[in-house]
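One letter stands for each residue in the lines below.
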Amino acid sequence: MAEGKENAGREPVLIVKDVTARFGDNVLFEKVGFQVRRGEIFAIAGESGCGKSTLLKIMIGLLKPASGTVWMEGVNVTGAGEEQMRRIRSGMGVLFQSGALFGSMTLGENVALPLREYTDLPAPWIDRVVRAKLAMVNLGGLEDRYPAELSGGMQKRAGLARAMALDPGILFFDEPFSGLDPVTSAELEVLIRRIRSAVGSTMIMVSHDLPSLFNLADRIILLDRGARGILAEGDPREMKRDAVDGRVARFLHRAVPDEKPEEVGK
Amino acid sequence: MGKTAMEERPPGREEVSFQVDRVSPGERVLSFSGSLTVHTVGGLLPRLREFWTTENPAGILVDVSGLRKVDTAGALFFRELEGESRKRSLPFAYRGASGLLEGILGMVPPEPDVLPVPPARHPGLVEEIGKGTVAFFRDFVRVTGFVGDLTLAIGSCLVRPGSVRWGDVLHYMRRAGVDGLPIVGLISLLLGLIMAFMSSLQLRQFGANLYVASLVGIAMVKELGPMMTAILVAGRSGSAYAAEIGTMIVHEEVDALRTMGFEPVRFLTVPKVIAAVLVVPLLTLYADFFGVAGGLVVGVTGLDLTVHTYLRETMASIGLFDVFSSLAKSLVFAVIIAGIGCQRGFQAGRSAEGVGASTTSAVVAAIFLIIVADSAFAILFHYIG
């Protein structure tokens, strides 16, 4: 992860400060704070139900936190008006867990959608960009196919092509590897790495797929339901090696709580 | 040393035998052999109860060396035995436990964490009324908010017609309009036939056959044409809109729209509303035509009227105002159907059940509002006309 080390000193593009999320009386997490630096691959990990996806939705402005602020590229996402949100959204892309492609549109139309909304490119140019984006995710020539005609992995790649249609500075991924077989996961990892080096986007992903986290992420935070917040933060490989906290070790070593401490880490 | 043997022969091939040995004045050895499983435990429970009532042991030793098979129910049986012994402060031990038994006992905790279940609380009538009122007002607020969003979206589309997704409008026009032609035509024709036939039975007695034409014409054009068309479109298309948007919410497509900066109400609702507004009045005219045609069939074949006479009577009874008021009504019905369909879709939640409920709710609410609007129109046209 040489690129990650290089990026370590760069300025933050996303700042999450004292964010609390609650549903009714149930506090999911409180006073969560971290920074993501430009160009790094940053991951939010943690057990199911700890609030990873909620945190992602707060970061991209789909949910309002109970308290706290999120700053993206110097703009306060949590308090942004409509026009500011539009500017923020034109600079970010989101790959949803299921791909979230529009079933009534072809792949080409799906990828063209943000280009039509945010640019004044003439139609032939939009087609060229769409073809290029789909080729980048190895779906060249499938512009006229509908999402239902594709496998889950292909739908995710098409979703990625749509998320990066505007070459956004920040790409968000919600569980990008869930439901994929190991080979398809590995292909997606390679693709994400290639896009990072080609486009230089900052990538923020929510995932509990440990092999992919170790392969991709420069830095991770570990959310914990019991702690209602961040349990640990850092380079995942170093965290795995040096983990002192039992919960961190158990998560990164995939150990179940009943196992004896000496078994953890083997 | 006394010995009591009890044999259990449950249905199937599995069987268990249970034997109590009195090794000393107080200590009892309970020997089990065979299969202690979900199929055999039930038969042992009365024996166990009988054992606790007739014997007064000072210690329990359970010999399981003869057991071939123990499943979860068997393990729970032993846990029960352990619990009862503990309650009576009796020493308890196993003899001849195999790895198999230890394994299954390890999966069944000695004292299952059974939390006391609070008795189900039945809300009283006042509470139910209160909850219903709150839910009604919440729904009202949501619908009002949606109407506001929709009005803004349509207003912005009127200012910039280029921003409307006309391809989608055509798609929904085909789905709601062209695809609905057969059913709307058939139902209207049958409606016309039935009305003409039933009314002719009465009117014939007075020699008023001719009035069947005006009766069918007025009823179809003024009331039944717009209303039946609207109800059919609500059933076909309003429900489809709710299901489509609800499914998009489940698949995170609406979230994706928001993150790409699209306003979902404008993106998803406006094309549907425009399509419905364009198509429902046309369908209404089509339904009127087929209704009159149905009456015509009865008039010509059963009432000895000529085609010319029937049509002349129909045209004489229907004014231009009636046709336009019918179209105005159908326009409002179209907005109700598409608007409610989309609004219910947006509040579907993120589950399959939610999508189903929103679809049902879209049809029920649309039909209810259509009838309410129709009543309002009846009063309005009474004063205008």
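Residues numbered from 1 in each chain as written. Chains lettered and ligands numbered in written order. Predicted model: local features only at pLDDT ≥ 70, side-chain atom pairs only at ≥ 80, totals over all residues. Heavy atoms only, no water.

Visitor: Give me the overall build of chain A: which residues, what numbers.
Guide: When its secondary structure is counted, chain A shows 10 helices and 10 strands. Computed over C-alpha atoms, the radius of gyration of chain A comes to 19 Å, within 12% of the 18 Å expected from 2.2 N^0.38 for 266 residues, which places it in the range of a compact globule. On the principal axes, the C-alpha backbone points of chain A span a range of 60 × 40 × 40 Å. When burial is assessed residue by residue, chain A has 51% of its 266 residues classed as buried. Total accessible area on chain A stands at roughly 12000 Å², and carbon and sulfur atoms take up 49% of it. (Helix = DSSP H or I, 4+ residues; strand = E, 2+ residues; numbered from the N terminus. Rg over C-alpha atoms; globule rule 2.2 N^0.38 Å. Buried < 20%, exposed > 50% of the residue type's maximum accessible area, 1.4 Å probe, protein only. Areas by Shrake-Rupley, 256 points an atom, 1.4 Å probe, with all protein chains shown as cover.)

Visitor: Let's hear about the sheet that holds strand β1 (residues 12-23) of chain A: which residues, and what values?
Guide: To summarise the sheet geometry, strands pair through backbone hydrogen bonds and adopt either a parallel or an antiparallel arrangement. All names here are of chain A. Taken in spatial order, the four strands of this open sheet run β2-β1-β4-β5, and their pairing is antiparallel. Edge strands, defined here as strands with exactly one partner in the open sheet, are β2 (26-37) and β5 (75-76). Pairing between β1 and β2: eight bridges, direction antiparallel. Counterpart to Phe-23 in the pairing with β2 is Asn-26. With respect to the sheet, helix α2 (residues 52-59) is in contact with β1, β2 and β4 (67-72), its orientation differing from that of β2 by roughly 60°. (Pairing = 2+ DSSP bridges. Contact = heavy atoms within 4.5 Å. Axes fitted to C-alpha atoms, helices over the stretch in contact; angles between N-to-C directions.)

Visitor: Before we move on, could you go through the state of the cysteines and cite the residues and values that matter?
Guide: Evaluation of the coordinates by the stated rule reveals zero disulfides over all chains. The structure places no disulfide on Cys342(B), whose sulfur is separated from the nearest cysteine sulfur, that of Cys157(B), by 13 Å. (Disulfide = S-S within 2.5 Å.)

Visitor: Can you tell me about the packing of aromatic side chains, naming the residues and giving the values?
Guide: All told, the structure shown has 18 aromatic pairs over all chains when counted by the stated rule. Between Phe78(B) and Tyr94(B) the ring centres are 5.8 Å apart and the planes differ by 90°, which places this aromatic pair in the edge-to-face class. Taken as a pair, Phe78(B) in helix α2 (residues 72-87) and Tyr94(B) in strand β5 (residues 92-95) lie far apart in primary sequence, 16 residues in all. Every member of this aromatic cluster is reached through a ring pair, and the members are Phe18(B), Phe32(B), Phe77(B), Phe78(B), Phe92(B) and Tyr94(B). If you follow Arg162(A) out to its NZ or CZ, it ends over the ring of Phe102(A), 4.7 Å from the centre. For Arg165(B), the ring lying beneath its charged end belongs to Phe267(B), and the centroid distance is 3.7 Å. (Phe/Tyr/Trp six-rings, centres within 6.5 Å; stacked < 30°, edge-to-face > 60°. Lys NZ or Arg CZ within 6 Å of the ring centre and 35° of its normal.)

Visitor: Describe the packing of helix α5 (residues 166-176) of chain B against helix α7 (residues 211-250) of chain B, listing the residues and the values that go with them.
Guide: All names here are of chain B. α7 packs onto α5 with a crossing angle of 135° between their chain directions and a minimal axis gap of 10 Å. Considered as vectors, α5 and α7 are oriented oblique to each other. Judged by residue contacts, Tyr-172, Arg-175 and Ala-176 of α5 engage Arg-236, Ser-237, Ala-240, Tyr-241 and Glu-244 from α7. Looking at the contact of α5 with α7, its residues break down into four nonpolar, one polar and three charged. (Parallel < 35°, antiparallel > 145°, perpendicular 65-115°, else oblique. Nonpolar A, V, L, I, M, F, W, Y, C, P; charged D, E, K, R; others polar.)

Visitor: Explain unusual backbone geometry residue by residue, including any values.
Guide: Residue and element names in this part refer to chain A. In this structure, Lys-31 takes a positive phi of about 50° despite not being glycine. Tracing the backbone through its elements, the reader meets Lys-31 in strand β2. Accessibility expressed as a relative area gives 62% for Lys-31, which makes it exposed. In the Ramachandran plot, Glu-73 falls in the positive-phi region, its phi being about 50° despite a non-glycine side chain. Checked against the element boundaries, Glu-73 lands in the loop between β4 and β5.

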